[in-house]
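Structural features, examined
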Amino acid sequence: MAGKLNEKVLLAGSRVFWQETLQRLFAKEGWDFYVLTEDYPAPEEVFRIHNVPVVLYMLDFRQETGAWASDLNRILAMCCKHEVKRFYLVTAALAFRQANALAERIADAWRGSDMSVSVLRLPEVYGPGAEPADGLVADWLEASFSGETRQGFGDAEGKREFLYADDAAYAVFRSVSRNFAGKALNILNGKPVTAGELAEIVSRVTGRALIVTGGETSFGERWPAGKDAQAEIGWNPKYSLQEGIANTCRERQEALAARSRAKSRADRALQAQKWKEKLVPYLENGAGALLMAGIAWYQGGTTVNPAIYFDMNFAYIGAMGLLYGKSQSLIAMVFSSFILLAVLLHAGANAVALMYMPQHLLHFVAYLFVAVLSGYIADARAFERQSAKWHEDQARERYDFLRSLYDECVVVKDRLYRQIVNSDDSIGRLYRIIKSLDSVATENIFTQAAGVTAQVMGVENIAVYVLSKDGYYLRQKVRMGRVAFQQPRSLKVQDYDYLKNLIEEKHFYINRELVKDTPDLAAPILYDDKVIGVVELFGLDFQQWSLYHQNLFSIAMRLISSSMGRAYQYEAEAQEKRYYSGTRILRSEAFGEILQELLERRKLQGEMPLGILKLSAGSHSYEELDAVCGKMIRNEDFLGEYHGELYILLPDADENVCVMVQERLAREGVTAVREEKVL
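Let us look at the structure shown here.

Basis of the calculations
- Residues numbered from 1 in each chain as written.
- Predicted model: local features only at pLDDT ≥ 70, side-chain atom pairs only at ≥ 80, totals over all residues.
- Heavy atoms only, no water.
- Helix = DSSP H or I, 4+ residues; strand = E, 2+ residues; numbered from the N terminus.
- Buried < 20%, exposed > 50% of the residue type's maximum accessible area, 1.4 Å probe, protein only.
- Contact = heavy atoms within 4.5 Å.
- Areas by Shrake-Rupley, 256 points an atom, 1.4 Å probe, with all protein chains shown as cover.
- Axes fitted to C-alpha atoms, helices over the stretch in contact; angles between N-to-C directions.
- Parallel < 35°, antiparallel > 145°, perpendicular 65-115°, else oblique.
- Left-handed = near helix turned anticlockwise from the far one by under 90°.
- Nonpolar A, V, L, I, M, F, W, Y, C, P; charged D, E, K, R; others polar.
- Pairing = 2+ DSSP bridges.

For the protein chain, the count of helices and strands is 22 helices and 24 strands. Looking at the protein chain residue by residue over its 679 residues, the buried ones come to 43%. At a minimum sequence separation of 6, the contacts of the protein chain that also span at least 24 residues come to 70%. Here the protein chain has roughly 37600 Å² of accessible surface; of this, 54% comes from carbon and sulfur atoms.

This is the structure we're talking about:
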């Protein structure tokens, strides 16, 4: 029987000092724990290879806001792309209130997809391994040992919570293992302390007084609304503040002692190595001298070997010179000279007479020559090695410099590439946007016209109107943005001078006079050189009034008109396939396509009532129903057959409009009832 697969979790974001504690806990409970390091070259590969369902993101607010906010958005986008089931944003130290709020707003913006996004709010976490920069507890412990003064975090009323690292890790694990999917979870131990109380605990643990001066008027750690960890996941802290600080202090002292012992051992080893490097040549030289003296005694009181007629001192001097250079070869020459002198004196020679005997003087000179020659050879080779090492170091420095320069150029190139590809007017971006207009469905073209214009122009408020067949009215098809929602659903052309000029001249309108209740920009949608619709923009920023943006708007309208022309032409050619012969009643497939397009439009603009009425044909034929309904509904409404039943689809129609249409049809003998389940 196959074993059960382990659960998987990925840790991303900033590295925290209690990360290893968290990792050990998950591993102990049988989870596969992966860490996305900050310098990992391809984070997408981690998601793709390991297919993790849970992601923990640790925030470090000491970084620049732009850096962590950008990284948080990047990881959230990857999580959505790779179908991560649960995302937990772990925040700590509520002293960073504004940063906490920004991080939670970023996380909140990604809610609504299949991925649940939760925030785990922790107080300041302390424990073994924490450095003074990691939090107030570690900093105050350091201050207590060094006798320094610290500033408090509040008056007698200002309190602050602290959580031991093991308790924090267990709370995070419980949240993940219990599948917490709420918006936020407040992980509190319920025992906040004042600055004075914390200083007293630190002093009691370290045995040294900690002086704390007055701080802010009140820290007042206020937690936002969120579920309580003790009630939600059954978590309770194990360690009190004094126990946690005692453990932290004990670990710090043990770590300092271990580092001190390791440093002492390293210093002793280094000192021994230095002495060894200094003494070994002299010891070897002395040993060589004793060896030569022993050989001379063994050979019967002569340094010259009788078998090969070679003075063994030459080998000794040469060996010392080749191994250690002139410094040791000259010492070896002195030792050899004393050995030779001793041998000669032992043979009965007179010390003064030796100075006048050339054969003996040449022997001493030969010792000196061998010492200088061998020492010179060794020193020359050492110099060559040092020179080669220096050239190698220089080459390595140049290589490292060129490599760093290359890496910087690659980073700049990639950044510029992304800027070019993602810039507002790049061909690639415009192509991806305009590609959405590649359709032959008129309703989809109207929907995409709003989306395309919003992306190309970078605006939020857009309204798309369609012109009635008689040219008297404009009916609103699509709207996006708060301002666009406030615009009338129907416009009478004669009541607006800008609309009359726009339809007659077929040029886009610019509201240079800033006329109230008038769009900032408006442009016609043309088909067969006739205006069939109008796109209006509202609430433009100052920079969006430039000639550049006007040209972009004009280009987008021409592309939309071109796509609309293809859609109208296709609809005319496919008339028989889309409609029942001699009527404007859509066949089931065509009606279903329009229904789906309207549902997509409702997703785009966020709110659009759709009314659908089911008709009871009775004895009426399709031609008779078409004649009756044609007089009762608008041009933008749809009549069609769907799954064997006849329906009227009323876009942008509320309940009152539906009731009015039902009453009109009833007067003509046609029964219509609301049928919401089709939607």
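There's plenty left to go through after this.
What you tend to see is this: most non-glycine residues have negative phi, and most peptide bonds are trans. Positive phi values are uncommon outside glycine, yet Asp-528 reaches one of about 55°. Its place among the elements puts Asp-528 in the loop between β18 (521-527) and β19 (530-538). The backbone phi angle of Asp-529 is positive, close to 60°, even though this residue is not glycine. Its place among the elements puts Asp-529 in the loop between β18 and β19.

If you want to describe how two helices pack, look at the angle between their axes and the distance between the axes. In contact at an axis separation of 11 Å, helix α5 (residues 136-146) and helix α9 (residues 241-298) are set at 60° when each is read in the N-to-C sense. Classified by the angle their axes make, α5 and α9 are oblique. Helix-helix and strand crossings are classified by hand; for α5 and α9 the assignment is right-handed. Contacts between α5 and α9 pair Val-137, Leu-141, Glu-142 and Phe-145 from the former with Ile-245, Thr-248, Cys-249, Arg-252 and Gln-253 from the latter. Class assignment of the residues belonging to the contact of α5 with α9 gives a composition of five nonpolar, two polar and two charged.

Moving on, we get to the sheet that holds β19. Across the sheet, six strands lie side by side as β16-β15-β14-β19-β18-β17; this open sheet has antiparallel pairing. Pairing within the sheet leaves two strands with one partner each, and these edge strands are β16 (490-492) and β17 (509-510). The strands touched by helix α15 (residues 442-457) within the sheet are β14 (461-467), β15 (473-480), β18 and β19, with β15 carrying the most contacts at an inclination of about 60°. Along the sheet face, helix α17 (residues 497-505) touches β14, β15, β16, β17, β18 and β19 and points at about 135° away from the line of β19.

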